[in-house]
Amino acid sequence: MSNSIAVTLDAVNNLSDAFSSIITIVGTKLAGKLPDKEHPLGYGRIESLSALIVAGIVLYADISAIIFLTTGVSL
């Protein structure tokens, strides 16, 4: 990859932002679905699940950055 820590960490940041945005868009679209027979209260909980997934992505990116900065090993 790159020998620059700044470039590598910026790439990790951009990738995590892109994945987070995609998950947020999909989660918002699904959460806006109208209630149906199987889900009489709607799909609003999907938005909470997508937020949890985004939190996991951010946590993974942070841990990857810390490991890279301390050991020089890229995940």
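As shown above, the structure is provided for reference.
Attention here is on the structure that accompanies the text. (Residues numbered from 1 in each chain as written. Predicted model: local features only at pLDDT ≥ 70, side-chain atom pairs only at ≥ 80, totals over all residues. Heavy atoms only, no water.)

1. Section: the overall build of the protein chain
Tallying secondary structure elements over the protein chain gives two helices and zero strands in all. The C-alpha atoms of the protein chain give a radius of gyration of 17 Å, which is well past the 11 Å a tight globule of 75 residues would have. Referenced to the eigenvectors of the C-alpha coordinate spread, the extents of the protein chain come out at roughly 55 × 15 × 10 Å. Counting over 75 residues, the protein chain shows a buried share of 17%. Across the protein chain, the fraction of contacts at a sequence separation of at least 24, relative to all contacts at a separation of at least 6, is 47%. As displayed, the protein chain has an accessible area near 5800 Å², and 69% of this comes from carbon and sulfur atoms. Across the protein chain, the mean location of the 4 positive side-chain charges is 16 Å away from that of the 6 negative side-chain charges. (Helix = DSSP H or I, 4+ residues; strand = E, 2+ residues; numbered from the N terminus. Rg over C-alpha atoms; globule rule 2.2 N^0.38 Å. Buried < 20%, exposed > 50% of the residue type's maximum accessible area, 1.4 Å probe, protein only. Contact = heavy atoms within 4.5 Å. Areas by Shrake-Rupley, 256 points an atom, 1.4 Å probe, with all protein chains shown as cover. Lys, Arg positive; Asp, Glu negative; His and termini not counted. Charge placed at Lys NZ, Arg CZ, Asp CG, Glu CD.)

2. Overview of helix H1 (residues 5–31)
The terminal C-alpha atoms of H1, which comprises 27 residues, lie 38 Å apart, in line with the 39 Å expected from a rise of 1.5 Å per residue. Thr8, Ser16, Ser20, Gly27 and Ala31 are the residues of H1 that are buried. The inward-facing, buried residues of H1 contact helix H2 (45–71). Structurally, the start of H1 carries an N-cap: the backbone nitrogen of Ala6 is 3.4 Å from a side-chain oxygen of Ser4. (Expected span 1.5 Å × (residues − 1). Polar contact = N/O pair within 3.5 Å; in protein donor to acceptor, adjacent residues only side chain to side chain.)

3. Concerning the packing of H1 against H2
The interhelical angle for the contact between H1 and H2, taken along N-to-C directions, is 175°, at an axis separation of 8 Å. Taken together, the axis directions place H1 and H2 in an arrangement best described as roughly antiparallel. (Axes fitted to C-alpha atoms, helices over the stretch in contact; angles between N-to-C directions. Parallel < 35°, antiparallel > 145°, perpendicular 65-115°, else oblique.)

4. Regarding the side chain of Ser20
As for its placement among the helices and strands, Ser20 is situated in helix H1. Within the structure, Ser20 has its side chain in polar contact with the backbone oxygen of Ser16 (distance 2.7 Å). Non-local contacts of Ser20, meaning those with residues more than four positions away in its chain, are made with Val54, Ile57 and Val58.

5. As for a nonpolar patch on the surface
Taken together, Leu15, Phe19, Ile22, Val26 and Leu30 make up a surface patch of nonpolar side chains, about 460 Å² in accessible area. Within the secondary structure, Val26 is located in helix H1. Look at Val26 and you get partly exposed, because its relative accessible area is 43%. (Patch = residues over 30% accessible without salt bridge, like charges linked within 9 Å, V, L, I, M, F, W, Y side chains within 5 Å. Salt bridge = Lys/Arg side-chain N within 4 Å of Asp/Glu carboxyl O.)

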